[in-house]
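Overview (structure and organization)
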Amino acid sequence: MALMLRVGPYVRAAGSGTGMTGPLGATRWPLIAVLLAAVALTGTTLGWALVPALGGLIAAQALIRAWALKRLGGLTGDVLGAAQVLGDLGFLLGVLAWR
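Residues numbered from 1 in each chain as written. Predicted model: local features only at pLDDT ≥ 70, side-chain atom pairs only at ≥ 80, totals over all residues. Heavy atoms only, no water.

Another point: helix H2 (residues 28-46). End to end, H2 covers 27 Å across 19 residues, agreeing with the expected 27 Å (1.5 Å per residue, within 8%). Trailing H2 by a residue or two, Gly47 shows a phi angle of about 70°, which is positive. (Helix = DSSP H or I, 4+ residues; strand = E, 2+ residues; numbered from the N terminus. Expected span 1.5 Å × (residues − 1).)

Laid out in structure tokens, this is it:
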């Protein structure tokens with residue numbers, strides 16, 4: 001969700017979510033480090049089931065982002081919440097597909 005928010009666009013010019021929008025800049029490396037650490041930790045638990053799980057997560061979040069861009073013209077806090085829930089669902093369905 002953090003990456004989705006950073007690559008925007010956010011619907012409103014002002015609001016509580018606009019502080020996190022914009023180009024990644026110097027904040028790119030901490031975000032990448034946390035992402036890699038999470039993938040490594042999850043990979044030690046799930047093994048190869050991580051591959052379809054990440055596929056489900058990425059597909060679900062890409063679909064909600066595409067819908068929001070087409071329908072709303074950008075992202076909102078509600079869209080980010082939906083992306084989180086649907087990303088979790090996609091991840092879990094990917095794990096189930098492997099097992």
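This paragraph deals with the nonpolar core. Residues Met4, Leu5, Tyr10, Ile64, Ala68, Leu75, Val79, Leu80 and Ala83 constitute the largest nonpolar core, which totals nine residues. Sorting the residues of this core by element identifies helix H1 (2-6), helix H3 (50-71) and helix H4 (77-98) as the ones contributing at least two each. Here Val79 is in contact with Ile64, Ala68 and Leu72, once residues within four sequence places are set aside. The next biggest cluster of nonpolar side chains, apart from the first, holds six residues, and it includes Leu46, Ala49, Ala53 and Val95. (Core = buried A, V, L, I, M, F, W, Y, C linked by side-chain atoms within 4.5 Å. Buried < 20%, exposed > 50% of the residue type's maximum accessible area, 1.4 Å probe, protein only. Contact = heavy atoms within 4.5 Å.)

A few words now on H3. When the terminal C-alpha atoms of H3 are compared, their 31 Å separation across 22 residues agrees well with the 32 Å that a helix rising 1.5 Å per residue should span. Turning to H3, its buried residues are Leu50, Ala53, Gly56, Ala60, Gln61, Ile64 and Ala68. Taken end-on, H3 shows its buried residues confined to a sector of 135°, consistent with a single buried face. Relative to its buried face, H3 has exposed residues pointing more than 90 degrees away, namely Val51, Ile58, Leu63 and Lys70. As for H3, its buried residues are in contact with H1, H2 and H4. (Arc of directions from axis to C-beta.)

A few words now on the layout of surface pockets. For the largest pocket, the calculated volume is near 750 Å³. What lines the largest pocket is a set of 24 residues, among which Met1, Leu3, Leu35, Leu57 and Gln61 lie closest to the centre. Within the residue set of the lining of the largest pocket, elements represented by two or more residues are H1, H2, H3 and H4. With eight residues, the single largest contributor to the lining of the largest pocket is H2. (1 Å grid on protein atoms, 1.4 Å probe; cavity = no way out; pocket = protein on both sides within 12 Å on 5 of 7 lines; lining within 4 Å. Points joined across faces, edges and corners; volume = space filled by probe spheres on them.)

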